Each structure stands twice: as structure tokens, then as C-alpha cells.
Amino acid sequence: MFKNVGVFRVVGGWPESLTVLEEALGNMPFGPGTASQDKSVGWVPPRGQAHGPLAESVQGQWMLRFMAETRQVPASVLQRKVDETCAHIEATAGRKPGKKERRDLREEVKAALLPQAFPRQQSTWVWLDGRTQRLVLDSTSPARTDDILTALVKLLDGFVAEPLNTATSPAVAMARWLTEQEGPAGFAIGKACELKSADESQAVVRYARHPLLTDEVRDHIAQGKQPTRLALHWDDRVQFELTDALQLKKISFEDRVLEQAKAQGQRADDFDGSVLMATAELAPLVGDLIDALDGLAPLGQPAPLPAPPATRSPAPAVAAASPVARPGAGPSAVAGWSPDQGTDPPF
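These numbers come from a predicted model, not from an experiment. (Residues numbered from 1 in each chain as written. Predicted model: local features only at pLDDT ≥ 70, side-chain atom pairs only at ≥ 80, totals over all residues. Heavy atoms only, no water.)

Chemist: Tell me about the environment of glycine 33, and please be specific about residues and values.
Modeler: For glycine 33, the location among the structural elements is in the loop between α1 (18–25) and β2 (39–44). Spatially, the C-alpha atoms of glycine 33 and glutamate 69 are 7.1 Å apart, while their sequence positions differ by 36 residues. Those residues in contact with glycine 33 that sit more than four places away from it in its chain are Ser40, Glu69 and Arg71. (Helix = DSSP H or I, 4+ residues; strand = E, 2+ residues; numbered from the N terminus. Contact = heavy atoms within 4.5 Å.)

Chemist: Kindly report on the side chain of glutamate 241, identifying the contributing residues and their values.
Modeler: Take glutamate 241: it is sitting in strand β11 (residues 238–243). At a separation of 3.4 Å, a polar atom in the side chain of glutamate 241 contacts the side chain of arginine 229. When sequence neighbours within four positions are dropped, the list of residues in contact with glutamate 241 reads Ala192, Arg229, Leu230, Ala231, Gln247, Leu248, Lys249 and Lys250. (Polar contact = N/O pair within 3.5 Å; in protein donor to acceptor, adjacent residues only side chain to side chain.)

Chemist: Outline the sheet that holds strand β9 (residues 204–208), listing residues and values.
Modeler: Read across the sheet, five strands follow the order β9-β8-β10-β11-β12 without closing on themselves; strand pairing throughout is antiparallel. Edge positions in the sheet fall to β9 and β12 (248–253), since each has one partner strand and no second. Taking each pair of neighbouring strands and ignoring which way they run, the sheet shows an average axis angle of 15°. Relative to strand β10 (residues 225–234), strand β8 (residues 187–197) is paired through eight bridges, and the arrangement is antiparallel. Across the sheet, leucine 195 pairs through a bridge with proline 227, a residue of β10. Its contacts with the sheet place helix α5 (residues 170–180) against β8, β10 and β11, and it is angled at close to 75° to β10. (Pairing = 2+ DSSP bridges. Axes fitted to C-alpha atoms, helices over the stretch in contact; angles between N-to-C directions.)

Chemist: Can you tell me about unusual backbone geometry, naming the residues and giving the values?
Modeler: One non-glycine residue with positive phi stands out, namely glutamine 59, at about 50°. With respect to the helices, strands and loops of the structure, glutamine 59 is situated in the loop between β3 (56–58) and β4 (61–71). A positive phi is found at aspartate 235, a non-glycine position, where the angle reads about 55°. Tracing the backbone through its elements, the reader meets aspartate 235 in the loop between β10 and β11. Residue class for aspartate 235 comes out partly exposed when judged on its relative accessible area of 41%. (Buried < 20%, exposed > 50% of the residue type's maximum accessible area, 1.4 Å probe, protein only.)

Chemist: Please give an account of the pairing of β11 that cites residues and values.
Modeler: Among the six residues in β11, five count as buried, and that is most of the element. In terms of strand pairing, β10 meets β11 through six bridges, oriented antiparallel. Bridging across to β11, tryptophan 234 finds its partner in valine 238. Hairpin connection between β10 and β11: a loop of three residues separates the two successive antiparallel strands, and aspartate 235 in this loop has a positive phi of roughly 55°. Examined bridge by bridge, β11 and β12 share four bridges and lie antiparallel to one another. When the sheet's bridge partners are listed, valine 238 is paired in β12 with phenylalanine 253.

Chemist: Go over the pairing of strand β6 (residues 134–137), please, and point to the residues and values.
Modeler: Of the two faces of β6, both are covered, the one formed by Arg134 and Val136 as well as the one formed by Leu135 and Leu137. Pairing of strand β1 (residues 6–12) with β6, which is carried by four bridges, proceeds in the antiparallel orientation. Looking at the pairing, glycine 6 lines up with leucine 137 of β6. Across four bridges, the pairing between strand β5 (residues 119–129) and β6 is antiparallel. When the bridges of β6 are listed, leucine 128 appears paired with leucine 135. Between β5 and β6, which pair antiparallel one after the other, the connecting turn spans four residues, and glutamine 133 there sits at a positive phi close to 55°.

Chemist: Tell me what's going on with the packing of helix α2 (residues 75–93) against helix α3 (residues 99–113), and back it up with residues and numbers.
Modeler: For the pair α2 and α3, the least separation of the axes is 9 Å and the interaxial angle reads 125°. Considering their axes alone, α2 and α3 lie oblique with respect to each other. Considering the relative orientation of α2 and α3, their crossing is right-handed. Judged by residue contacts, Val77, Leu78, Gln79, Lys81, Val82, Asp83, Thr85, Cys86 and Ile89 of α2 engage Glu101, Arg102, Leu105, Arg106, Val109, Lys110 and Leu113 from α3. Of the residues that constitute the contact of α2 with α3, the class distribution is eight nonpolar, two polar and six charged. (Parallel < 35°, antiparallel > 145°, perpendicular 65-115°, else oblique. Left-handed = near helix turned anticlockwise from the far one by under 90°. Nonpolar A, V, L, I, M, F, W, Y, C, P; charged D, E, K, R; others polar.)

See below:
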């Protein structure tokens, strides 16, 4: 439960009660898609019990579970069938299909093959923290986030959620912590990091299981590379990686947390115990992280831009951390939106 986390601030449309929330979710229960559907989404009972409630409260923390079922035709199979169809048209009609006809054929072939594709179901935990008015998703996938937020906007009157936007951007803060070789209050710097250059080279340096409080790392930052991911330890209780989009990834609880939960009679396979442990640890962690980033920015204020790196004499090249090719750009924080705008959410 909660391995990769995206956090949002709910600024409108918070449900009046758990009953109101459950009634709203009842308008969109999950049902398996038909053979011709490539996607089906909806809400399922968090406890996994058939016909159970769609919203649960564990010591005031509201838990939901969003289910998505998809069918996908492998791209290689689809392309092969399209090529075979085009070859048949060329052989029988003496002409090669044009671009538009190939696109149409692709859709026809996909529709024909879709019923043969195996459905894949994937659920996502959704946590509504009434104490902080925050929405926490057990996912950092833009597509899944879009599905969940779109569903909540449709079901809850006036619901508006914004990604967390702090006074200091995570990239600027992570660069400062690495340069000063010290984490913020309550946090210790771990042994994993990714640095990316913003210039034309788009160079990337990654560290894994490697000390980061070194002059080598400081020199990379001084030369213009910005941290996009940094491993942190919170209060000797939780390990995670912070991203420049203010997402928490690879969350794991320290042994002391697990032992404490066990001593209190909580089990890892128990729904209530898992919820209690996750929410009791992650709620204060997120609060401390916001404080470390100088608090939340006023609503509607754009996210701060990274500051230029401090000037520092370059260090000799080190082979152990040579630049590698830049992968695809990761998700970034976006401005808040509401259904009144009349557009799809930009997530």
C-alpha cells in the first residue's frame, strides 16, 4: 500500500461525509469491460469484499480503491496484420493503400483483434486526509492520475484538486541540500540521486548505492546539473525518493516501524493495520517535507523556477559517474484546474 505517491491539495468540493462520498462513488462502480472495449474504469470495495462499501474510514482516514481494466493488442501483432492487409489489397487491386487508408485499416484491424486480447486489471489506492484536506494517490502515472481525478470531478460537486506547489521547488531544495551536504530538519540524504543538465548536452548522471555527500556531486551541481531525484530518509522511519515534481517514489518503512506496528497487533495483510501504519507515517512525512520546501505557495501561484547554480571550480572528470543518454522527460507539476474551465484536466 502506497509505494509511489502523488499528493494533491483539495481546494473545493470536499465531501460533507463518508456517506455522501460513498453514494457518489456508487454512480461509477467498476464493471469488467466488453470484448470490444479497450478500457473500463470504476470504484471497487477497498476491503476486497463483494458488495462491500466503496469508501472506508479507518480512524478518520478515508480510503477508496480505483480499478482500471485495459485490453491492448501488441504493437508488433497489429503492425503485422496491417501490413498483411495492405499487401493483400496491393495484390488484388493493383494499388498501394495511402496513409489515410492505412490509418483506417489500422483501426479496423485493432477492433477485430481487441476481443482476443487478455484484459489486465490494475487497482490504485486513493486516500482522502480530512485533517489536511489532501488527496493522496498510490500512483505517479499521469494516465492513471488523470483517470482518478476525472472520475472524482464527475462524481463530486465542485471538486477541485491541485498538485502541491511549494514556495521552494524540489529541484532547488535538493540542489541546496546536496551542495551544503546536509538534509533539512528530520531528513537524511540517502545513496541514490539523478542529476540532469539543462543545456544542449542534456547529460544525465545517476548514482545508486553511492555516497552523495562528496565534492564530485557538488561539482556536478555547480556545473549546471539539477537534481531530478534524491533518496531521503525521514526520521529513521521511512525511506523514499523525492522527485523534482514533488512525488514520492520507492517508499519503504524501516524495521522499527514494522516492529512497532506488529507490537500494536497490526498485520501487513490486515486492511485496517496497513491503513493505520501508512497514514500514520506518511501524513507527518508529507507535512515535514512541505516545511522543508518553505511551505505551500499561495493558490494559483506558478511553481518556482530552478535558480541558477552557484559558481564552483570544476572537479576532474570521474569515470564512475559519467553522463549517460537522457531518457524521456518525467512528469512535471501542473497548475490547478476545475470543471468550470470546460477542458480536460492537464495531468
